[in-house]
Amino acid sequence: MENSASRALVPISANVPATTQTQQRKARNSGRAEVDFDLVRRETYLRDRKDVEEQLPDIIGRALARIWIDGHFRDRFAAGPVETLAAYGVYLPQNITIDFETEGLTRPQVVVYEKRFRHGPRRRLLSLRLMMLADK
């Protein structure tokens, strides 16, 4: 039987590897917590809408899972989703915005928008919410 922790979106604290001194220094310089884990394995530059639609749902899914268990990360993400993603190595096109919605919801929701024209309306690309499911 496969270990359920190996498929987890967010590593269980006992499984989180110790950070190296270099990682701790980078974390301090970027404003991140010293004991941390990444949303992506390497810097990720999403260049257009296609990249956003293909890659961002997985990244936001990991962010939502982390929001569920890490209040500091939740507060930071709520204050600036795009900036928080950039601090964790995920860079979005300038015409992409993200709203973190909590009001009137039982679970936080992330909505990703694209602004096609400088003074035009935003177009909703994605909406993501962490759902807890149990199966037998």
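Everything that follows concerns the structure shown earlier in this document.
Okay, so let's go over this structure. Just so it is clear, the model here is predicted, and its values are computed rather than measured.

## Quick notes on the sheet that holds strand β5 (residues 122-129)
Logical step 1: In space, the three strands of this open sheet follow the order β3-β4-β5, with antiparallel pairing throughout. Two strands bound the open sheet, and with one partner strand each, they are β3 (96-101) and β5. Each neighbouring strand pair of the sheet contributes to a mean axis angle of 20°, computed without reference to strand direction.
Logical step 2: Both strand β4 (residues 109-115) and β5 contribute to a ladder of seven bridges, which runs antiparallel. Bridge assignment links Gln-109 to a residue of β5, and that residue is Arg-129.
Logical step 3: Docked against the sheet, helix α2 (residues 49-69) engages β3, β4 and β5, running at close to 40° with respect to β5.

## Some words on the packing of α2 against helix α3 (residues 71-79)
Logical step 1: At a minimum axis separation of 6 Å, α2 and α3 run at an interaxial angle of 125°. Relative to α3, α2 is oriented oblique. As for how α2 packs across α3, the hand of that crossing is left-handed. Contact residues: α2 offers Ile-60, Ala-63, Arg-66, Ile-67 and Ile-69, while α3 offers Gly-71, Phe-73, Arg-74 and Phe-77.

Analysis parameters
- Residues numbered from 1 in each chain as written.
- Predicted model: local features only at pLDDT ≥ 70, side-chain atom pairs only at ≥ 80, totals over all residues.
- Heavy atoms only, no water.
- Pairing = 2+ DSSP bridges.
- Helix = DSSP H or I, 4+ residues; strand = E, 2+ residues; numbered from the N terminus.
- Axes fitted to C-alpha atoms, helices over the stretch in contact; angles between N-to-C directions.
- Contact = heavy atoms within 4.5 Å.
- Parallel < 35°, antiparallel > 145°, perpendicular 65-115°, else oblique.
- Left-handed = near helix turned anticlockwise from the far one by under 90°.

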